[in-house]
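Descriptive structure summary
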Amino acid sequence: MKIVAADVIVSSPDRNFVTLKITTDEGITGLGDGTLNGRELSVASYLADHVVPLLVGRDPHRIEDTWQFLYRSAYWRRGPVTMAAIAAVDVALWDIKAKAAGMPLYQLLGGASRTGIMAYGHASGRDIPELFDSIRRHLDEGFKSIRVQTSVPGIDSVYGVAAQPSADGKRYDYEPAQRTPLPVEEDWDTRAYLRHLPTVFEAVRNEFGPELPLLHDGHHRMTPIQAAKLGKALEPYDLFWLEDCTPAENQEALRLVRQHTTTPLAIGEVFNTVWDYQTLIREQLIDYVRSAVTHTGGITAMRKLLDFAAQYQIKSGIHGPTDISPVGMAAALHLDLAIHNFGIQEYMRHGPLTDEVFRQSFTFTDGYLHPGEQPGLGVELDEEAAARFPYQPAYLPFNRLQDGTVHDW
């Protein structure tokens with residue numbers, strides 16, 4: 001079997017997606033997700049101009065060899081653009097291999113380690129009553145674990161709150177990438193946030209009881225000592241995890257956080273290689289790995305990363321909001337089902353236009369996801385539908401402090 005074509009398809013149904021379609025001489029096709037939120041065209045160009053010419057004529061079954069070739073032959077390694085492009089190729093090749101074998105991808109990864117994949121939903125509100133309503137809606141939809149995000153008094157716009165007005169007026173649920181010519185400026189005050197958030201979790205626990213798993217995303221906005229302070233303040237409310245409490249490119253910073261709190265920590269949605277995790281995993285400074293299959297070199301690389309984490313009893317918490325296409329989500333679900341050290345899976349429903357472009361076999365039932373039994377990934381691309389939604393520039397917001405300083409968003 002040989003690769004005879006590889007096509008890069010950029011489409012913007014509910015948001016922008018970059019999809020790689022690889023075709024073999026036996027007529028088997030595979031899909032990979034190369035979406036990089038707010039920088040989609042950089043990956044599309046990397047694929048079309050630099051990677052696709054290297055694929056034609058290669059054996060699609062040689063997945064490990066192709067991965068190493070794309071990673072090492074570029075010389076300039078790592079980085080989100082390179083790793084998203086490699087991920088797109090890797091996932092497409094796994095899709096082809098599983099289709100050729102006539103079985104769902106998870107079977108090639110060792111078979112199922114569980115019957116379903118626990119997912120968490122994104123509840124949010126501008127105030128406590130609105131937050132409670134959002135939590136109840138998610139529970140009614142079947143979610144058994146809930147991420148809690150809230151507005152903060154004195155701050156106009158805060159990451160993760162669905163009910164806030166958006167500059168483009170097109171936000172469904174919570175999609176922060178807005179179709180505007182320039183990134184939208186938002187404001188931030190860490191001290192106000194640290195004062196307010198524990199009172200929110202106290203109210204949620206009082207209303208919904210001690211059993212409901214609750215999560216929260218700090219989104220890289222705190223210094224290590226601020227993160228330690230928040231983690232300690234949230235200990236009475238028994239969080240499932242506190243996510244991205246501080247920018248973890250400085251891996252040693254998590255030592256300070258660990259010294260002061262037993263709140264479980266999830267890190268890594270902006271990471272893209274195992275090298276970003278070396279200290280964090282080896283010193284057991286985190287509890288959950290948050291990388292996306294789409295941004296971390298695909299299934300091949302993520303499986304190795306999670307096997308490394310498993311040696312230290314660290315579990316998966318794969319990134320999975322709507323900036324991951326259904327192709328990338330399906331890849332995550334097959335991996336979730338197969339690995340032993342699965343923790344939880346982030347899940348946001350895509351909009352109806354996205355579901356029209358990407359036909360999916362994965363399901364969400366009673367709080368659990370499953371990739372389905374269709375051979376391969378279980379996702380097919382409707383190219384005619386994709387062509388109706390051309391790329392539209394979209395940017396994530398950015399933060400400034402009260403004195404005008406640019407701050408982590």
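Residues numbered from 1 in each chain as written. Predicted model: local features only at pLDDT ≥ 70, side-chain atom pairs only at ≥ 80, totals over all residues. Heavy atoms only, no water.

The name that an unreviewed UniProt entry assigns to the chain is Starvation-sensing protein RspA, with the source organism given as Plantactinospora mayteni.

The tally for this structure, following the rule as stated, stands at 15 aromatic pairs. Note on Tyr-75 and Trp-76: the rings are 4.9 Å apart at their centroids and 80 degrees apart in plane angle, and the pair reads as edge-to-face. Here Trp-76 falls in the exposed class, since its relative accessible area comes to 67%. Members of the aromatic cluster, connected to one another through ring pairs, are Tyr-120, Phe-240, Trp-241 and Tyr-288. Here Arg-15 stacks its cationic end above the ring of Phe-17, 5.5 Å away from the centre of that ring. One cation-aromatic arrangement involves Arg-221 over Tyr-193; the distance from NZ or CZ to the ring centre is 5.2 Å. (Phe/Tyr/Trp six-rings, centres within 6.5 Å; stacked < 30°, edge-to-face > 60°. Buried < 20%, exposed > 50% of the residue type's maximum accessible area, 1.4 Å probe, protein only. Lys NZ or Arg CZ within 6 Å of the ring centre and 35° of its normal.)

Before going further, it helps to spend a moment on helix H3 (residues 80-101). Taking 1.5 Å as the rise per residue, H3 with 22 residues should run 32 Å; its terminal C-alpha atoms sit 31 Å apart, in good agreement. Judged by how many residues are buried, H3 sits mostly within the fold: 17 of 22 residues are covered. Note on H3: the residue one or two positions beyond its end, Gly-102, has a positive phi of about 75 degrees. (Helix = DSSP H or I, 4+ residues; strand = E, 2+ residues; numbered from the N terminus. Expected span 1.5 Å × (residues − 1).)

What follows is about the sheet that holds strand E18 (residues 406-407). Strand pairing in a sheet relies on backbone hydrogen bonds. The paired strands run either parallel or antiparallel. Strand order in the open sheet formed by three strands is E6-E17-E18, with mixed pairing between adjacent strands. Two strands close off the open sheet at either side, each with one partner strand: strand E6 (185-187) and E18. (Pairing = 2+ DSSP bridges.)

Here we take up the environment of Val-56. Of note, Val-56 is situated in the loop between helix H1 (40-55) and helix H2 (63-73). The spacing of Val-56 and Ile-22 is 34 residues in sequence and 9.2 Å in space, taken between C-alpha atoms. What Val-56 contacts, discounting residues up to four positions off in sequence, is Ile-3 and Val-4. (Contact = heavy atoms within 4.5 Å.)

What follows is about the side chain of Thr-180. Positionally, Thr-180 belongs in the loop between strand E5 (145-150) and E6. Take Thr-180: its relative accessible area is 12%, and that puts it in the buried class. Polar side-chain contacts of Thr-180 include one of 2.8 Å to the backbone oxygen of Leu-182. (Polar contact = N/O pair within 3.5 Å; in protein donor to acceptor, adjacent residues only side chain to side chain.)

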